[in-house]
Amino acid sequence: MSELASQKSGIENTESIALDLDEAGVSVDLPRPEHRGDQVQGVPYRPVEFRDDDLPTALERAASWLRSTQQWLGEPVDVIAIHLDYDDGEGSPYYDVKLLCNEEDLAGAPIALREQAAKTVSG
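Anyway, here's the lowdown on the structure attached to this text. Counting restarts for each chain: residues are numbered from 1 in the order of the written sequence. Local features are withheld for residues below a pLDDT of 70 in this predicted model, meaning they are given only at 70 or higher, and side-chain atom pairs are given and counted only at 80 or more; totals for whole chains, interfaces and linings count all residues. Hydrogens are left out, water is left out, and the side-chain values use all remaining heavy atoms of the structure.

### Here we look at the environment of Val43
At step 1: Inspection of the secondary structure assignment puts Val43 in the loop between β2 (14-19) and β3 (45-52).
At step 2: Since its relative accessible area comes to 63%, Val43 is described here as exposed.
At step 3: With 60 residues separating them in the primary sequence, Val43 and Glu103 have C-alpha atoms 9.6 Å apart. Secondary structure counts use DSSP, requiring at least four H or I residues in a row for a helix and at least two E residues in a row for a strand, with both numbered from the N terminus. With a 1.4 Å probe rolled over the protein chains alone, any residue whose accessible area is under 20% of its type maximum counts as buried; one over 50% counts as exposed, and the rest are partly exposed.

### A look at the side chain of Asp52
At step 1: Looking at where Asp52 falls in the secondary structure, it is placed in strand β3.
At step 2: A distance of 2.9 Å separates a polar atom in the side chain of Asp52 from the backbone nitrogen of Asp54.
At step 3: Residues count as neighbours in contact if any of their non-hydrogen atoms are within 4.5 Å of one another. What Asp52 contacts, discounting residues up to four positions off in sequence, is Thr57, Ala58, Arg61, Pro93, Tyr94 and Tyr95. Any pair of nitrogen or oxygen atoms within 3.5 Å is treated as a polar contact; in protein, a donor-acceptor pairing is required on top of that, and neighbouring residues in sequence qualify only through side-chain atoms on both sides.

### Considering the packing of aromatic side chains
At step 1: Each pair of aromatic rings taken from Phe, Tyr and Trp, with Trp reduced to its six-membered ring, is defined by centres within 6.5 Å and is described as stacked if the planes are under 30 degrees apart, edge-to-face if over 60, and tilted in the remaining cases. By the definition in use, this model includes three aromatic pairs.
At step 2: Summarising the aromatic geometry, the rings of Tyr86 and Tyr94 are spaced 5.4 Å apart at their centres and angled 25 degrees between planes, so their arrangement reads as stacked.
At step 3: Among the aromatic residues, ring-to-ring pairing joins Tyr86, Tyr94 and Tyr95 into one connected group.

### A closer look at the nonpolar core
At step 1: Core analysis: the biggest nonpolar cluster contains ten residues, these being Val48, Phe50, Ala58, Ala62, Leu73, Val77, Val97, Leu99, Cys101 and Ile111.
At step 2: For this core, the secondary structure elements donating two or more residues are β3, α1 (55-73) and β5 (95-102).
At step 3: If near-sequence neighbours (up to four positions away) are discounted, Ile111 is found in contact with Trp72 and Leu73. Nonpolar cores were defined as sets of buried Ala, Val, Leu, Ile, Met, Phe, Trp, Tyr and Cys residues, with membership established by side-chain atoms within 4.5 Å.

Shown next, in the form of structure tokens:
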């Protein structure tokens, strides 16, 4: 069970709406694909966002972040997708580049696993 806060039109008060979600975080009432090979998957990926009015600049910052994160992690970052969107709202950066990255990589799990394995071997 999860809750979603919703605002009533222009009113500051919020009310909670109870949502009945399954372990993947989607509604238990969501129609499921009928074919046995199809499925609704969980999303263990976290978006890392880069916003800029200049698309090449946003992509360069994303690439630079990937390089430094891979160096820190000691292995390639697990990126499942790159999402490109735009925001044409006044005063907002136009381009929005998101890298969908594995949560465990961003938490440093591979580093911790290597450190634990090194302690086991040397200990």
